[in-house]
Amino acid sequence: MQKLTKVLFVLLFILVNGTLHAESVLDKRITYAASNISLKKALAEISASYKISFTYSENVVKAGRQVSINVKDKPLAVVLDKLLNGTAKYKEINGHVVLMGNKTGAAGKEFTISGYVTEKGSGELLLGVNVFVPGTGLGTATNAYGFYSLTLKKGTYKLVYSYIGYEAQAFEVELTSDIEKNVALSGVVETEEVVVTAESAPQESQRSQMSSIDIPVDQIKEIPALLGEKDVLKVVQLMPGVQKGNEGQSGFYVRGGGPDQNLIILDGAPVYNAFHLFGFFSLFNGDALKSIELVKGGFPARYGGRLSSVLDLHMKEGNKEKFAGEAGIGIISSRFTVEGPLKKNKSSFILSGRRTYIDALIRPFMSKEANGGYFFYDLNAKVNYDLGKKDKIYVSGYFGKDRFYVNTETQSQQSKFRFEWGNATATARWNHQFTNKMFANAGFIFSNYRFLIGAQEKYKANNEEFTMRFYSQIRDLGLKYDVDYFPSNGHHIRFGAVATWHRFSPSALVVKASFLDENINRKRNIDGIETGLYVEDDMRLGKRFRVNTGLRISQFSNRGKNYVYPEPRLSAAYQIKSDWAVKSSFAIMNQYMHLISNTGIGLPTDLWVPATSTVPPQRSMQMALGTVKDFAKEKISISVEGYYKEMYNILAYKEGATFLIFDDPLGTDDYSWEENVTSGKGWSYGAEFLLHRKKGRLNGWIGYTLSWTQLQFDELNLGKKYWARYDRRHDISVVAIYKLTKAISLSTTWVYGTGQAITMPLATYQGNTNNPNNGGMSPILSDYGGKNNFRMAPYHRMDVGIRYTKVKPKYERTIEFNFYNLYNRANPFYYYAANENGVSKLKQVSLFPIIPSLSLSYKF
Amino acid sequence: MFFNNKINIFFVLTMMASLFTACEQDAKDVNLPYVEPKIVVQSFISPISAEIAIYVSKSSPIFGAVNSPDPTLTDATVVMSDGTTTATAIFNSLKGYYIIDTAILKIVTGKTYNLKVTAADGRKVTSVCTVPFAPDTSGLEFTYDTLYTKTGNESRYDAEATLSWNDPVGQNNYYHSEVELGLEYTFSPGTIKWEKMYGSSYLDYFADKGKDGKKIVNGILVYSLSESNSGGVGSTKNYEFGGIRYFLYSTDINYHKYHETVSRSTNDPFSEPVIIYTNIEGGLGCFGAFNGFNKQIDF
């Protein structure tokens, strides 16, 4: 019995292993050569020549795969290793060779494919490119420096690289070891409806991020603009949840937040005033920009420092392969961009500038006695250098200035007045790729914003001179370190730290005059240190659930006062179907600086001030819930989002407080803004609807926002809640771009917004008071009927544009004709009362009637 | 000069409007909330007042027909009641307000009073207030100091005064207090005696918020005036310290909020508008009460 057991055991062993006895079939010597034939055919030929039986499932083993082989007198095992190349396993069972799938055992090992995605022809790194395996949900996207890393199990994959405005590329990748793969995508001009393939990129519904908008720069260029000046920020304001101020107001309002609650970052450097000419033109020259993303809720932990939005702008790096340029001539300004390699494929630069010339045009018509003008200019520059495969250096800068000036001369005196403001930013960054899964960026950041009022008077009689300079400034120096870590396909971890030194000079005054005993030099700087530490993980939990969870610790210290707050962040998406998701988010934000508005209309004279021991930092809590559905065939995505936001410690002037600086700056001896402001609360909630078509012959979007924004300050409006100035019940924007032919495109925008709430005096009355000594005074009081009791007329406007592009062998020329305010709507800028024939009437002043414009640009 | 007034901001706005083709027209697509005049009532009652004065007028809407007759309403029916006694006020055209004799309606500490004003056109407004307790005088202190100095041709008059008292614990108290220094001087055509005293931390209307039950100090008041014998501006000559006087009232919340907001209001278009408090139901103004004392020291 024991013997029998032994025999059976040996037989079983032979059966299973087949290698113990005699010569295994796997040791059989084979000589075989074939080139580019299917695996199935190769196996069939070997089977026929050597009488070996192979057993396998064609699907599991991928028998259709093309193979090439040339072996002489090698064991079958070696031949199979070469043929299967790790894509399948094999075993001998009873003289048969069985081929099996690769899902278990050593074959389950993971490998990483990583690299950079660039634009073909320019070498420009592309950010946000989707890199994915179609139909599997496996994938990633390139980071801000064009780097991607995807870790997958050993195997063969079809990998697609896709980006809006570029031709998608697909590769079959055999992942048997770590691979470095750099991909260049070429731009595509869509003139005809393209049939959508099953390989279309992951859509809005497949991202965990919500409440964010990215707008292709090319789409911005197609949208009609005032005087033909293409404007990034104006386009952002056409998105639901983002509202523009009134005409003549700078700043934008995101989900009920004030204009100071938007973090605008250009290549990592904060920009404190993003507009030229009182908000009519944005600071950024679109030609120099690569990408724009606006986040209005569900903030990832890597962003901090503002309550309401993040507008992340990236400048182009400059063409790495050849010299190229663009120049444009408009009615009020001209612009140029040049870019090219400094050392081919190693280093490149871009330089872009703009200047207006209204002042130069009107100068001949002005007298010597009184002349004045206005101009603005801006300059963007960037240089990059590849230090090697793993290191890159970028240095970029922005410089812009606006200036109004008036010079007058009379018989007795000469006066000069100027009013100017400007931003300067500089960023130096060093990218380092530690491994194929870990990418880091170190940055040094500088930002400066200053506005200045200067007056100079010279009295001819006694040659006495008086000069005054009043300015307000904020200056930042920062260090930043960010790491992207892709440990496996289901995780993208980001962590980092940032430290910024802020120097606030809210109101500095320098007066020099011969009649003064002593010159006045009053400057009170307030220094503050702001730091942030964050970690976030964008992870996939199962096939349908994506979560981005993170924590930011933010800190600010100023004059011995230290604030530290944790900021938990969460956004989650659940995919109901492959093209339909439900998303929600939660974020707590802190902001350690305030903008005190001098006028309420957002002039550049608004002052940036820090949180102090008496003026606490602004805080907010925001929740959002939404759904997004993609219609791949129609290339449309529709999203609906609801949000609720609470804001604490937001700042406003006390009632009766006189706005700073303009009220006799000489008398404001150490004017304390802290005593003139008061803190309160804000609530904003609403719903946003967006239908977006980013691609196709007809593209554009329809946005609608229904929202409510209220404020409550103990010291304002008798402590009662009131509508914020920028409370807007309805906000609609329609943007449509239609490519009529390859050369001609038509575009139109229409916007509508409920009027702003402002405080309007409705009546006056006698204000008798009680005082035993002076009998009680009786000033004339105004009855406002409550703060922001009056709604300005709704704002609406339509713009249209037509673009004609001609491609010549050496250059491309675009002629553009625009109508701003096509139906000549008189949108109110401000109101006043006027007496007409014994009747006092409410009158309005509006700024822009219908304005046609023509502009011309060349690209070479 | 550019810097010493509000030209700059105005200049900028005008530049903005003129830089572009600004267009002016009647306002369109707006609703003005009201254009009808409202009834305005002010009355501040106190056990220490010799009469009850009630001012009644109407507001003048900014928009609509422009007419500026005296806004005082002389033909209204003004009735005040303490719950048991009801008195009707009589308009005094000399003083320009309605009066109730305190012999008919006595104002008593702690009592609540109702006021009803009916205009000739039938519109009615009402209000109510309660008379507060007088400030506690047990811990009241008043100190002052005057100093006269003469250097060459220049004479200087300096004075400072401190008024302090104890705030009762556990209740919301509102105060109205002022200290004035009297400077006597000759000024053609007559003699002006009382010159208001201004101080660096001068308090008019204030609440005990954050100071409940503590000692309240009404500022350190500093008055400083220099006079030069070399002539110059005006005939500011022959000054003499005439005396010093102060008052201290506790007030009800209506009195406080109304006076406090009125004191901050300004017609400066570049100031944040002040919403004036009112407790007149259906109208504007204030019905408030105060209680306390006045004190005068003559030198």
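Since the structure is predicted, the reported quantities are computational estimates derived from the model, not experimental observations.

Peer 1: I'd like a description of the overall build of chain B, backed by residues and values.
Peer 2: The helix and strand tally for chain B stands at 2 helices and 20 strands. Each of the 299 residues in chain B was classed as buried or not, and the buried ones make up 43%. Across chain B, the fraction of contacts at a sequence separation of at least 24, relative to all contacts at a separation of at least 6, is 68%. Surface accessibility of chain B: about 14,700 Å² in total, with carbon and sulfur atoms responsible for 52%.

Peer 1: Account for the environment of Leu76 of chain A, naming residues and giving values.
Peer 2: Residue and element names in this part refer to chain A. Its place among the elements puts Leu76 in helix H4 (residues 76–84). The class of Leu76 is buried, set by a relative accessible area of 0%. Separated by 51 residues in sequence, Leu76 and Val25 place their C-alpha atoms 7.4 Å apart. Leave out the neighbours within four places in its chain, and Leu76 touches Val25, Leu26, Asp27, Lys28, Ile30, Ile46, Ile52, Phe54 and Val97.

Peer 1: I'd like to hear about the sheet that holds strand E47 (residues 763–766) of chain A, residue by residue, with values.
Peer 2: An order of E48(A)-E47(A)-E4(B) is seen for the 3 strands of this open sheet, with the pairing classed as antiparallel. A strand with exactly one partner marks an edge of an open sheet, and here the two such strands are strand E48 (780–783) of chain A together with strand E4 (60–61) of chain B. Strand direction decides the pairing type here: E47 of chain A and E4 of chain B, joined by 2 bridges, are antiparallel. Across the sheet, residue Ala763 of chain A finds its bridge partner in E4 of chain B, namely Pro61 of chain B.

Peer 1: Summarise H4 of chain A; cite the residues concerned and give the values.
Peer 2: Residues and elements named next belong to chain A. For H4, the complete set of buried residues consists of Leu76, Val79, Leu80, Leu83 and Leu84. Projected down its long axis, H4 carries its buried residues within an arc of 115°, all on one side. A positive phi of about 50° marks Asn85, the residue just after H4.

Peer 1: Residue-level account of the pattern of salt bridges, with values.
Peer 2: For the coordinates displayed, the defined rule picks out 41 salt bridges over all chains. Ionic pairing is found between Glu124 of chain A and Lys290 of chain A, a salt bridge with its closest N-O pair at 3.7 Å. Residue Glu124 of chain A is located in the loop between strand E6 (110–119) and strand E7 (130–133), and its partner Lys290 of chain A is located in strand E21 (residues 289–295); the two are separated by 166 residues in the primary sequence. The exposure class assigned to Lys290 of chain A is buried, which follows from its relative accessible area of 12%. Taking the shortest distance from any N to any O, the salt bridge between Asp26 of chain B and Lys841 of chain A comes out at 3.1 Å. Of this pair, Asp26 of chain B sits in strand E1 (residues 23–26) while Lys841 of chain A sits in strand E53 (residues 839–846), which puts the two residues in different chains. Residue classification places Lys841 of chain A among the partly exposed positions, given a relative accessible area of 29%.

Peer 1: Give me the sheet that holds strand E17 (residues 262–266) of chain A: which residues, what numbers.
Peer 2: Residue and element names in this part refer to chain A. Strands sit in the order E14-E21-E22-E17-E18 across an open sheet of 5 strands; the sheet is mixed. Strand pairing shows two members of the sheet lacking a second neighbour, strand E14 (212–214) and strand E18 (269–270), which therefore form its edges. Looking at chain direction, E17 and E18 are connected through 2 bridges and run antiparallel. The residue of E18 that forms the bridge with Ile265 is Pro270.

Peer 1: Go over unusual backbone geometry with me, naming the residues and quoting the values.
Peer 2: All names here are of chain A. The phi torsion at Arg255 lies on the positive side, around 45°, for a residue other than glycine. Residue position: Arg255 is located in the loop between strand E16 (252–254) and E17. Judged by its relative accessible area of 1%, Arg255 is buried. Its identity is not glycine, yet Leu718 carries a phi of approximately 60°, on the positive side. Of note, Leu718 is situated in the loop between strand E42 (698–713) and strand E43 (722–723).

Rules used in this analysis
- Residues numbered from 1 in each chain as written.
- Chains lettered and ligands numbered in written order.
- Predicted model: local features only at pLDDT ≥ 70, side-chain atom pairs only at ≥ 80, totals over all residues.
- Heavy atoms only, no water.
- Helix = DSSP H or I, 4+ residues; strand = E, 2+ residues; numbered from the N terminus.
- Buried < 20%, exposed > 50% of the residue type's maximum accessible area, 1.4 Å probe, protein only.
- Contact = heavy atoms within 4.5 Å.
- Areas by Shrake-Rupley, 256 points an atom, 1.4 Å probe, with all protein chains shown as cover.
- Pairing = 2+ DSSP bridges.
- Arc of directions from axis to C-beta.
- Salt bridge = Lys/Arg side-chain N within 4 Å of Asp/Glu carboxyl O.

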